[in-house]
Amino acid sequence: MATRQPDLVLINWSRNPLVPGSARRITASRVIGNAEPCLPSLRTNGLLSTALACLQDNDIGFRIVFRKKTSSISGYLLLQRN
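To start, this report covers the structure provided alongside it.

### A short note on the overall build of the protein chain
When its secondary structure is counted, the protein chain shows 1 helix and 4 strands. The order of helices and strands in the protein chain, counted from the N terminus, is β-β-α-β-β. The C-alpha extent of the protein chain, read off along each of the three principal axes, is 55 × 20 × 20 Å. Counting every position in the protein chain, which comprises 82 residues, the buried fraction comes to 28%. Considering only contacts within the protein chain whose residues lie at least 6 apart along the sequence, 40% involve residues at least 24 apart. Positive and negative charge centroids in the protein chain, built from 11 and 4 side chains respectively, lie 15 Å apart.

Listed below in structure tokens is the structure:
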């Protein structure tokens, strides 16, 4: 019997450098496995906070396993669900 692999979501984000305190927005995302029912919140230019609220909901069960700021206005997150 095959072992079930974890679901992974990689999100790249950035802020508007011309607006101090601007919200983090998704510039790209990649799902390996399944991210239902949160796929609509992973759209390009969507708010990162909305996507994270959905993915980290107790019923959905994703958790951040890696985060990296690539500059003062951008970075990426890797989330995993077992």
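So that's the structure; there's more coming.
### Quick word on the sheet that holds strand S3 (residues 63-71)
Spatial ordering of the open sheet is given by S2-S1-S4-S3, a layout of 4 strands whose pairing is antiparallel. Sheet topology places strand S2 (25-32) and S3 at the edges, where each strand pairs with a single neighbour. Averaged over all adjacent pairs, the angle separating strand axes in this sheet is 15 degrees, with direction ignored. Alignment of strand S1 (residues 7-14) against strand S4 (residues 74-81), held across 8 bridges, turns out to be antiparallel. Following the sheet pairing, Asp7 is matched in S4 by Arg81.

Criteria and thresholds
- Residues numbered from 1 in each chain as written.
- Predicted model: local features only at pLDDT ≥ 70, side-chain atom pairs only at ≥ 80, totals over all residues.
- Heavy atoms only, no water.
- Helix = DSSP H or I, 4+ residues; strand = E, 2+ residues; numbered from the N terminus.
- Buried < 20%, exposed > 50% of the residue type's maximum accessible area, 1.4 Å probe, protein only.
- Contact = heavy atoms within 4.5 Å.
- Lys, Arg positive; Asp, Glu negative; His and termini not counted.
- Charge placed at Lys NZ, Arg CZ, Asp CG, Glu CD.
- Pairing = 2+ DSSP bridges.
- Axes fitted to C-alpha atoms, helices over the stretch in contact; angles between N-to-C directions.

All quantities given are derived from atomic positions and should not be read as evidence of function.
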